[in-house]
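Fold and geometry: a report
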Amino acid sequence: MDNSCSRLDGLTFYNAFSQGCKSIFRQTENLNKINVFPVADRDTGTNLSLTLKSILESCTPTYALNKVLSELADSGLTSAQGNSGIIFVQYLAGLATELANNETADTQTFSKAARQAVDYVYEALLSPVEGTVLTVMRSWADELVDQSGMDGEFTLLLEKAKLKAVEALANTPNQMQLLAKAGVPDAGAQGFVNFLEGMSDFIASGFRFIEDNVFAENQETLQTEANTIHSSTEFPQFRYCAEAVLTRSRLSISALREKYKTYGDSFILAGRPEKLHLHIHSNQPELLFAELHKDAEVSGVKADDMLAQYNIVHNPKAAIGLMTDSAADLPVDLSDKYHILSVPFGINFPQMQYLDKVTIQPGMFYKLLKSESKAPTSSLPTPKSLDTAMHFMATQYEQTICLHISSGLSSTYQVSRKLAEQHKGITVLDSRHLSVTQGLLLLRIARAIEQGMPLAELIHRFENWKNNTWIYTDIATLKYMVRSGRVSPLKGLFARLLNIKPIVSVDTEGKGMAWGKSFSRSSNLKKILQIIKDKSADNQVWEYAIVHSAAAQRASLYAEKLTGMLNKPPAYIMELSPVVGVHNGIGAVAVGISLED
């Protein structure tokens, strides 16, 4: 922009944009407090601040306005958080599209683009609601267009448009009963006005910068609020809040919107054809993502269990919290009953990313495992997801137990222990187990918590519990262990040639071990039944359970035999977690047994 402020270039826009962001950073706490729509989860300020901080950090300002806008929008589509963050980023994407050919812009060109960018936001939302940031955006942009013919300089133009936005903000409670009842304006709209104030003041002051430590001043508050996940006071109508970045879409934006709008609520599809950000509340994200992978390349997958979080906050049952990772095989109804929060592993097929037991369920996983030529891989729960879950639990419980898959099989335990140092009251335990026995240990801890057992006694007795718990897995074929790298190709070849059917367990250090082998599945069944009979001869069985990988009939056979032998049915039968199935493959059956003290 020249001295008369009549043209806008990339450097000036970026600097004005950064000052608008800093204005929001200052108001983060207030925006969280007045957040009541669409869900009163008190995170509008946090989502806006973290989205904008990420955008600023990843953009290198240049003179060309179109390049700066494109870079800001592209970064935002990757880093956007929550409804408010995605809506803001969608507005940037619209502005970038409309000014794609402009290295600089005069007031009329910019104002016209600002007004047309509002349409991009409306189009991204399945059900636009007035009395929100949408209304304020439109009022501001309309005023820009109306005044741009009279004001050829940005200083007066932005000031007049800002005043119109402030007026529209004050009117939002009159347009929405929820806001009127709470006695607050819309939080997203307030954030947008705060942004406009910072941007306008920067221009009007002759490009005077606010000090650069504004975000740093609020860093601790922001990081704390960032980990407060969906603490809504309203019962969630949909279980999961899912997000993903879509690239190389084979469908148009309108076609994607039409196809996926029925998968849930709070649907937003923001961005440009080359890069889109999807946000949706859904009860079946696995169905959604199964289709998404057919239509686009999917990355940045995220899904929060809003129901689990709601129950922990609003229906507390115990003094000690309990969390785990998705390698633990415990039925959803039991996890819900005992308010166990689970952090998912990643499951990665070529060109397809999933979250274990959230965006991919065992049934779909085993179909893909059978049809895909390349072996899938698993990835640890992200440090961010673990940290967020720990912070959430620490805000709800004075003490929380975090039980993880064996440290001999995964580094999740080590990562979790390090993160726990930053949170109060988190005790991280190494199960030295996985799958069904990790699930049984979770169940045992949950029941002890329910009965009021103190933490110190629980941790002491846990050592005996895990030492008196065993898993025996009847493997159908070593093909999948060879594919995943757990078994050498040579050993796999010998096993196939000799028709060897291994039985796999874990040793006392929680590492995988070959417990035995047979030349038939029927022999494996007999061997596993015999070892369980021997182990239960002197000690009563506390509980046992069975998991399988697309082998329900064989699991039922094990259940029938064990029920007769132990005079009690299994605590549960379920499909094996995909993160464990990556290695065990199709057709496996695992029996977990835990003895009384």
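These numbers come from a predicted model, not from an experiment.

1. What to know about the overall build of the protein
A count of helical and extended segments in the protein gives 26 helices and 19 strands. Sorting the 597 residues of the protein into buried and exposed places 57% on the buried side. Taking contacts inside the protein between residues at least 6 apart in sequence as the whole, the part at least 24 apart equals 76%. Carbon together with sulfur atoms contributes 50% to the accessible area of the protein, which is approximately 24,500 Å² in total.

2. Thoughts on the packing of helix α18 (residues 383-396) against helix α19 (residues 412-420)
Put simply, α18 and α19 touch, their axes get as near as 10 Å, and they point 50° apart. Between α18 and α19, the interaxial angle falls into the category oblique. Handedness of the crossing formed by α18 with α19: right-handed. Residues Pro383, Leu386, Asp387 and Met390 of α18 form the contact with α19, whose participating residues are Thr412, Val415, Ser416, Leu419 and Ala420. Among the residues making up the contact of α18 with α19, the classes are represented as six nonpolar, two polar and one charged.

3. Description of the sheet that holds strand β3 (residues 240-247)
The antiparallel open sheet is built from four strands, whose spatial order is β4-β5-β3-β6. Two strands lie at the open edges of the sheet, namely β4 (265-272) and β6 (297-305), each paired on one side alone. The sheet shows a mean angle of 10° between the axes of neighbouring strands, taken without regard to direction. Here β3 pairs with β6 via seven bridges, running antiparallel. Along β6, the bridge assignment pairs Val245 with Ser299. Where helix α14 (residues 285-295) meets the sheet, its contacts fall on β3, β5 (275-282) and β6, and the angle it forms with β3 comes to roughly 5°.

4. Some remarks on the side chain of His277
Structurally, His277 can be placed in strand β5. Other than its neighbours up to four places away in sequence, His277 contacts Leu77, Thr78, Ala80, Ile86, Glu243, Ala244, Val245, Ile268, Leu269 and Ala270.

5. Remarks on empty space enclosed by the protein
Counted according to the given criterion, the structure contains five cavities of 30 Å³ or more. The volume enclosed by the largest cavity comes to roughly 110 Å³. If you trace the largest cavity, you find it lined by Phe13, Phe17, Phe88, Tyr91, Leu92, Leu95, Phe110, Trp140, Phe192, Phe195, Leu196 and Met199. Elements represented by at least two residues in the lining of the largest cavity include exactly α1 (10-26), α5 (82-98) and α10 (187-204). Split by residue class, the lining of the largest cavity holds 12 nonpolar, no polar and no charged.

6. Some words on the packing of helix α3 (residues 44-58) against α5
Interhelical geometry of α3 versus α5 gives an angle of 40° and a closest axis separation of 7 Å. Regarding the angle of α3 to α5, the classification is oblique. Regarding α3 and α5, the two cross each other, and that crossing is right-handed. When α3 is examined against α5, the residues Thr44, Asn47, Leu48, Thr51, Leu52 and Ile55 are found in contact with a partner set consisting of Gly82, Ser84, Gly85, Phe88, Val89 and Leu92. In terms of residue class, the contact of α3 with α5 is built from six nonpolar, six polar and no charged.

7. Quick notes on helix α4 (residues 65-79)
The terminal C-alpha atoms of α4 lie 21 Å apart, and with 15 residues this matches the ideal 21 Å at 1.5 Å per residue to within 8%. For α4, every residue scored as buried is listed here: Leu65, Asn66, Val68, Leu69, Leu72, Ala73, Ser75, Gly76, Leu77 and Ser79.

8. Some words on the side chain of Ser549
Following the sequence through the fold, Ser549 ends up in the loop between β17 (541-548) and α25 (552-566). The class of Ser549 is buried, set by a relative accessible area of 0%. For Ser549, the side chain forms a polar contact with the main-chain oxygen of Gly585, separated by 2.6 Å.

9. Things to note about the pattern of salt bridges
One pass over the structure, following the stated rule, counts 28 salt bridges. The partner of Arg272 in a salt bridge is Glu274, with the nearest N and O atoms 3.7 Å apart. For Arg272, a relative accessible area of 12% corresponds to the buried category. Linking Glu596 and Arg444 is a salt bridge whose minimum nitrogen-to-oxygen distance equals 3.7 Å. With Glu596 in the segment after β19 (589-595) and Arg444 in helix α20 (residues 435-450), the pair connects residues that are 152 residues apart, well separated along the chain. Judged by its relative accessible area of 31%, Glu596 is partly exposed. Members of the salt-bridge network, linked through shared partners, are Arg444, Glu457, Arg461, Glu596 and Asp597.

10. With respect to the pairing of β19
Taking burial as the measure, the seven residues of β19 include seven buried ones, the bulk of the element. Side chains Val589, Val591, Ile593 and Leu595 of β19 all project onto a buried face; the interleaved residues Ala590, Gly592 and Ser594 project onto the opposite face, where all are buried too. Note: strand β14 (residues 469-474) against β19, six bridges, orientation antiparallel. Within β19, the residue paired with Thr473 across the bridge is Ala590. Examined bridge by bridge, β17 and β19 share seven bridges and lie antiparallel to one another. The residue of β19 that forms the bridge with Ile546 is Val591.

Procedures and definitions
- Residues numbered from 1 in each chain as written.
- Predicted model: local features only at pLDDT ≥ 70, side-chain atom pairs only at ≥ 80, totals over all residues.
- Heavy atoms only, no water.
- Helix = DSSP H or I, 4+ residues; strand = E, 2+ residues; numbered from the N terminus.
- Buried < 20%, exposed > 50% of the residue type's maximum accessible area, 1.4 Å probe, protein only.
- Contact = heavy atoms within 4.5 Å.
- Areas by Shrake-Rupley, 256 points an atom, 1.4 Å probe, with all protein chains shown as cover.
- Axes fitted to C-alpha atoms, helices over the stretch in contact; angles between N-to-C directions.
- Parallel < 35°, antiparallel > 145°, perpendicular 65-115°, else oblique.
- Left-handed = near helix turned anticlockwise from the far one by under 90°.
- Nonpolar A, V, L, I, M, F, W, Y, C, P; charged D, E, K, R; others polar.
- Pairing = 2+ DSSP bridges.
- 1 Å grid on protein atoms, 1.4 Å probe; cavity = no way out; pocket = protein on both sides within 12 Å on 5 of 7 lines; lining within 4 Å.
- Points joined across faces, edges and corners; volume = space filled by probe spheres on them.
- Expected span 1.5 Å × (residues − 1).
- Polar contact = N/O pair within 3.5 Å; in protein donor to acceptor, adjacent residues only side chain to side chain.
- Salt bridge = Lys/Arg side-chain N within 4 Å of Asp/Glu carboxyl O.

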